[in-house]
Amino acid sequence: GVGMGMTAPVSITAFPAEDGSFQQKVKVSLRIPSQFQDSPPCPTDESIKIEERQGMTIYSTQFGGYAKEADYVSYAAKLKAALGSDAAFRKDFYLCNGYDPPMKPYGRRNEVWFVKE
């Protein structure tokens, strides 16, 4: 019953298939605003879970525009290629982040994150 407004980034955890495309399973995460973090409201929908994201070190790339699945897949492949075989990162998932409201037409920011092992 508490309105918290939209937060950024909206983070989608993608679990890539062998060809790099998204599997049907994805997890969407929204940041709880600072004033609610010590005591977040309890969700009334059982499919919504509150979890604490631990600190992490990431490899990241940024791009603009209205991001679609194909954009995230493409930039994940570019980031993977740029890192080469020397960088140790989680291969079973990566994070797709969007920072802007849908009505912002220009200067949009999107990122792909690989979590360092």
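These numbers come from a predicted model, not from an experiment.

(A) Structural detail: the overall build of the chain. The number of helices and strands found in the chain is two helices and five strands. In sequence order, the chain lays out its α and β elements as β-β-α-β-α-β-β. Its C-alpha atoms put the chain at 45 × 35 × 25 Å along the principal axes. Across the 117 residues in the chain, those meeting the buried criterion constitute 26%.

(B) Region of the structure containing the nonpolar core. In terms of nonpolar packing, the biggest core is built from 13 residues, with Phe22, Tyr72, Leu83, Tyr94, Cys96, Val112 and Phe114 touching the most fellow members. Looking at this core, the elements with two or more residues in it are helix 2 (69-83), strand 4 (94-98) and strand 5 (110-115). Element by element, the count of residues in this core is highest for helix 2, at four residues. Excluding anything up to four places from it in sequence, Tyr94 contacts Ile12, Thr13, Ala14, Pro16, Gly20, Phe22, Tyr72, Val73, Ala76, Val112, Trp113 and Phe114. Within the second largest apolar cluster, five residues are counted, among which are Phe15, Leu95, Trp113 and Val115.

(C) Region of the structure containing unusual backbone geometry. Residue Pro9 is bonded to the preceding Ala8 through a cis peptide linkage, with omega at 0°. For Pro9, the position within the fold is in the segment before strand 1 (10-16).

(D) Layout of the pattern of salt bridges. Under the criterion given, the structure shown has five salt bridges. Ionic pairing is found between Glu51 and Lys27, a salt bridge with its closest N-O pair at 2.9 Å. Separated by 24 residues along the polypeptide, Glu51 in the loop between helix 1 (34-37) and strand 3 (58-63) and Lys27 in strand 2 (residues 22-30) bring together distant segments of the chain. A salt bridge links Arg109 to Glu111; the shortest N-O distance between them is 2.4 Å. On the basis of relative accessibility, which here comes to 35%, the residue Arg109 falls in the partly exposed class.

(E) Here's a closer look at the pairing of strand 2. Bridge count for strand 1 against strand 2 is six bridges, and the pairing is antiparallel. Considered in strand 2, the bridge of Thr13 is made with Lys27. Where strand 1 hands over to strand 2, the hairpin turn is made up of five residues, of which Gly20 adopts a positive phi near 95°.

Rules behind the numbers
- Residues numbered from 1 in each chain as written.
- Predicted model: local features only at pLDDT ≥ 70, side-chain atom pairs only at ≥ 80, totals over all residues.
- Heavy atoms only, no water.
- Helix = DSSP H or I, 4+ residues; strand = E, 2+ residues; numbered from the N terminus.
- Buried < 20%, exposed > 50% of the residue type's maximum accessible area, 1.4 Å probe, protein only.
- Core = buried A, V, L, I, M, F, W, Y, C linked by side-chain atoms within 4.5 Å.
- Contact = heavy atoms within 4.5 Å.
- Salt bridge = Lys/Arg side-chain N within 4 Å of Asp/Glu carboxyl O.
- Pairing = 2+ DSSP bridges.

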